[in-house]
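Remarks on the overall topology
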Amino acid sequence: MDNVKGIVLLLIAMAGFTVEDLFIKQLSGTLPVGQILMLIGAAAMPVFLIALWMQGRSVLTPAAWTGMPLLRALAEAVSAMSFASALALVDISVVAAVFQATPLAITMGAALFLGESVGWRRWSAICVGFFGVLMIIRPGLSGFEPNALLVLVAVLGVAARDLMTRRMTAEIPSFLLSVQAYGAVALAGGVMLLLTPGGLRAPSGFEWSMLAGATLFGVIAYSGLVTATRIADAAVITPFRYSRLVFSMIGGAIIFAERPDAMTLAGSALIIATGLYTFVRERRLARRAARGLAQPA
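An account of the accompanying structure is given in this report. From a predicted model like this one, the values you see are computed outputs, not experimental measurements.

**Some remarks on the overall build of the protein**
In terms of regular secondary structure, the protein is built from twelve helices and zero strands. Along the protein, helices and strands appear, N-terminal first, in the series α-α-α-α-α-α-α-α-α-α-α-α. What you see for the protein is a C-alpha radius of gyration of 19 Å, in line with the 19 Å of a compact globule of 297 residues. Projected onto the principal axes, the alpha-carbon positions of the protein cover approximately 60 × 55 × 35 Å. For the protein, the residues scored as buried account for 49% of the 297 residues in total. Expressed as a percentage of contacts within the protein between residues at least 6 apart in sequence, the contacts between residues at least 24 apart total 85%.

**A few points about the packing of helix α4 (residues 92-99) against helix α6 (residues 120-137)**
Following both chains from N to C, one finds α4 and α6 inclined at 165 degrees, their axes separated by 9 Å at the closest point. On the basis of their axis angle, the class for α4 and α6 is roughly antiparallel. Relative to α6, α4 is oriented so that their crossing is left-handed. Each of Val94, Ala97 and Val98 in α4 lies in contact with α6, whose residues at this interface are Val133, Ile136 and Ile137. Classifying every residue of the contact of α4 with α6 gives six nonpolar, no polar and no charged.

**Let's talk about the side chain of serine 248**
Within the secondary structure, serine 248 sits in helix α11 (residues 243-256). Within the structure, the side chain of serine 248 is placed 2.9 Å from the backbone oxygen of arginine 244, a separation counted as a polar contact. When neighbours within four sequence positions are excluded, serine 248 is seen to be in contact with Thr18, Ile92 and Ala96.

**Digging into a nonpolar patch on the surface**
Judged by side-chain polarity, Val4, Val8, Ile12, Leu216, Phe217 and Ile220 come together as a nonpolar surface patch covering roughly 520 Å² of accessible area. Contributing elements (two or more residues each) for the nonpolar patch: α1 (3-27) and α9 (205-231). Mapping isoleucine 220 onto the fold places it in helix α9.

**Remarks on the packing of aromatic side chains**
A complete count under the given rule lists five aromatic pairs for this structure. Between phenylalanine 23 and phenylalanine 217, the ring centres sit 6.3 Å apart and the planes meet at 40 degrees, which makes this aromatic pair tilted. Pair noted here: phenylalanine 23 is in helix α1 and phenylalanine 217 is in helix α9, with a separation of 194 residues, a long-range link. The partly exposed category is assigned to phenylalanine 23, whose relative accessible area is 21%. Taking the centre distance of 5.4 Å and the plane angle of 15 degrees together, the rings of phenylalanine 48 and tyrosine 182 count as stacked. Within this pair, whereas phenylalanine 48 is found in helix α2 (residues 33-54), its partner tyrosine 182 is found in helix α8 (residues 174-194), the two being separated by 134 residues in sequence. Classification of phenylalanine 48 by relative accessible area gives buried; the value is 2%. Sitting over the ring of phenylalanine 256, lysine 25 keeps its end group 5.5 Å from the ring centre.

**What about α6?**
If you check α6, its first and last C-alpha atoms are 26 Å apart, about what 18 residues at 1.5 Å a residue would give, namely 26 Å. Taken residue by residue, α6 has Arg122, Ala125, Ile126, Gly129, Gly132, Val133, Met135, Ile136 and Ile137 as its buried positions. In this fold, the buried residues of α6 make contact with α4, α5 (102-113), α7 (149-166) and α12 (262-290). Count one or two residues on from α6 and you reach arginine 138, which has phi positive near 60 degrees.

**As for the pattern of salt bridges**
All told, the structure shown has seven salt bridges when counted by the stated rule. The partner of aspartate 261 in a salt bridge is arginine 138, with the nearest N and O atoms 2.8 Å apart. With aspartate 261 in the loop between α11 and α12 and arginine 138 in the loop between α6 and α7, this residue pair connects regions lying 123 residues apart in the sequence. Accessibility expressed as a relative area gives 33% for aspartate 261, which makes it partly exposed. Put simply, Glu76, Arg161 and Asp162 are held in one network by salt bridges that share partners.

**So, α5**
When the terminal C-alpha atoms of α5 are compared, their 16 Å separation across twelve residues agrees well with the 16 Å that a helix rising 1.5 Å per residue should span. Listed as buried for α5 are Thr102, Leu104, Ala105, Ile106, Thr107, Gly109, Ala110 and Ala111. Contacts from the buried residues of α5 go to α4, α6, α7 and α12. Downstream of α5 by one or two residues, glycine 115 has phi in the positive range, about 75 degrees.

**Overview of the environment of valine 59**
By the element assignment, valine 59 lies in the loop between α2 and α3 (67-89). Classification of valine 59 as partly exposed rests on a relative accessible area of 30%. Taking the C-alpha atoms as reference points, valine 59 and phenylalanine 279, separated by 220 residues in sequence, lie 34 Å from one another. Non-local contacts of valine 59, meaning those with residues more than four positions away in its chain, are made with Leu49, Leu52, Trp65 and Leu176.

Rules and cut-offs
- Residues numbered from 1 in each chain as written.
- Predicted model: local features only at pLDDT ≥ 70, side-chain atom pairs only at ≥ 80, totals over all residues.
- Heavy atoms only, no water.
- Helix = DSSP H or I, 4+ residues; strand = E, 2+ residues; numbered from the N terminus.
- Rg over C-alpha atoms; globule rule 2.2 N^0.38 Å.
- Buried < 20%, exposed > 50% of the residue type's maximum accessible area, 1.4 Å probe, protein only.
- Contact = heavy atoms within 4.5 Å.
- Axes fitted to C-alpha atoms, helices over the stretch in contact; angles between N-to-C directions.
- Parallel < 35°, antiparallel > 145°, perpendicular 65-115°, else oblique.
- Left-handed = near helix turned anticlockwise from the far one by under 90°.
- Nonpolar A, V, L, I, M, F, W, Y, C, P; charged D, E, K, R; others polar.
- Polar contact = N/O pair within 3.5 Å; in protein donor to acceptor, adjacent residues only side chain to side chain.
- Patch = residues over 30% accessible without salt bridge, like charges linked within 9 Å, V, L, I, M, F, W, Y side chains within 5 Å.
- Areas by Shrake-Rupley, 256 points an atom, 1.4 Å probe, with all protein chains shown as cover.
- Salt bridge = Lys/Arg side-chain N within 4 Å of Asp/Glu carboxyl O.
- Phe/Tyr/Trp six-rings, centres within 6.5 Å; stacked < 30°, edge-to-face > 60°.
- Lys NZ or Arg CZ within 6 Å of the ring centre and 35° of its normal.
- Expected span 1.5 Å × (residues − 1).

What follows is the structure, given as structure tokens:
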């Protein structure tokens, strides 16, 4: 395990995803969200097709075109549509903060749908974490931003995607799953575009360069994330995933002059703290299970 390299790659990945988000948010001011997703998906898909070909694997792997992988691609598409729509309508710092609840949603989904044992400590952490989400969204209060609920849809989509990935056979190459995901995003973007008044618009040269930048940084970020996961201990690198929130707040402040208020910062802190606690607890229980001492908690 090369943990130092893994940390560096994960930080690069989180920064890359943030830059991609900043491009998408900027582009959404002049281009339909559906068109942005369609073009990014269509541009990124060939990159992973080439990577799959270089591995000597086939896109026609039969197991990849059954129910679970296709549902995974659908979950990816729903998440991308919701996340990109939220970026267009809500401060990027708010989007990033709410999105950090994804690990809590995965733990909850694993308990509810996969039968994994989750005790009262982690259920308590999940509840506190989602209270942090409510602090950010503030339903019923004067600062309520209903469009931020789109991020929760994205969180549920990503959680569903990751839970389905856990149940997939290892014979499906990860690059093929990426091809399916970006293809689904491109198709979903096309559907969104058909429902958008005004339809397709001709991007300017500067907009084409931003689309290229979003695709490039998205692919770099994804590749860095996959590589970091493979070469480093998950217990070491996982906490650094929350750096994406820091990068997003910095990018939002510099590019869009965003200033998160105290309630948003407090809610973000709760989400991160409970997410880290849940992760540490899961690692501790895994070690106990390896020694035959596991207990639900």
